[in-house]
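# Reading the structure
If you want the building blocks of each chain, they are given just below.
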Amino acid sequence: MIESGPDAGHTHRAGDSALRLGRSPDNDLILRDPATSGHHARIERRGERFWIVDLGSTNGTLVNGEPVQEKELNHGDRITIGQNAVHFSVLGG
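First things first, this report covers the structure right here in the doc. (Residues numbered from 1 in each chain as written. Predicted model: local features only at pLDDT ≥ 70, side-chain atom pairs only at ≥ 80, totals over all residues. Heavy atoms only, no water.)

Now for the overall build of the protein chain. Per the secondary structure count, the protein chain includes zero helices and ten strands. Sequence-ordered secondary structure for the protein chain, helices as α and strands as β, is β-β-β-β-β-β-β-β-β-β. The buried share among the 93 residues of the protein chain stands at 35%. Residue pairs at least 24 apart in sequence account for 32% of intrachain contacts in the protein chain once pairs closer than 6 positions are excluded. Accessible surface computed for the protein chain: about 5200 Å², of which carbon and sulfur atoms make up 48%. (Helix = DSSP H or I, 4+ residues; strand = E, 2+ residues; numbered from the N terminus. Buried < 20%, exposed > 50% of the residue type's maximum accessible area, 1.4 Å probe, protein only. Contact = heavy atoms within 4.5 Å. Areas by Shrake-Rupley, 256 points an atom, 1.4 Å probe, with all protein chains shown as cover.)

So, on to the environment of H10. One can find H10 in the loop between β1 (2-4) and β2 (19-22). Along the primary structure H10 and T61 are separated by 51 residues, whereas in three dimensions their C-alpha atoms are 19 Å apart. Other than its neighbours up to four places away in sequence, H10 contacts M1, I2 and R32.

A few words now on the nonpolar core. Core analysis: the biggest nonpolar cluster contains 16 residues, and L21, L31, I43, I52, L73, I79 and I81 have the highest contact counts within it. Discounting chain neighbours no more than four positions away, the residues touching I79 are I43, I52, T61, L62, L73, N84, A85, V86 and F88. (Core = buried A, V, L, I, M, F, W, Y, C linked by side-chain atoms within 4.5 Å.)

On to the packing of aromatic side chains, then. For the structure shown, the criterion picks out one aromatic pair. Ring geometry for F50 versus F88: centroids 5.8 Å apart, planes at 65°, classification edge-to-face. Linking F50 in strand β5 (residues 49-54) with F88 in the segment after β10 (84-87), this pair joins segments that are 38 residues apart in sequence. Each member of the pair F50 and F88 is classed as buried. Its end group placed over the ring of W51, R46 keeps NZ or CZ at 4.5 Å from the ring centre. (Phe/Tyr/Trp six-rings, centres within 6.5 Å; stacked < 30°, edge-to-face > 60°. Lys NZ or Arg CZ within 6 Å of the ring centre and 35° of its normal.)

Next up, the structure:
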């Protein structure tokens, strides 16, 4: 769920296929934020776990305030992409 930023209030569900985030209209999750790269990051499933991968974005991807290239996500993690803060939750664990 996007907690704050230009796209606050939007909720998206990541399933078995990867979810690409960014400003370009061909992304799965389009972020209307000038600080977000066209193809900014991807959330992908590896087995039972979810990972976030930065796609070479200009301003980087942060998980819990730390810049990451690739990181396993845990329930409750906070992802920052440009001006958007995203709360990552595992549903039905």
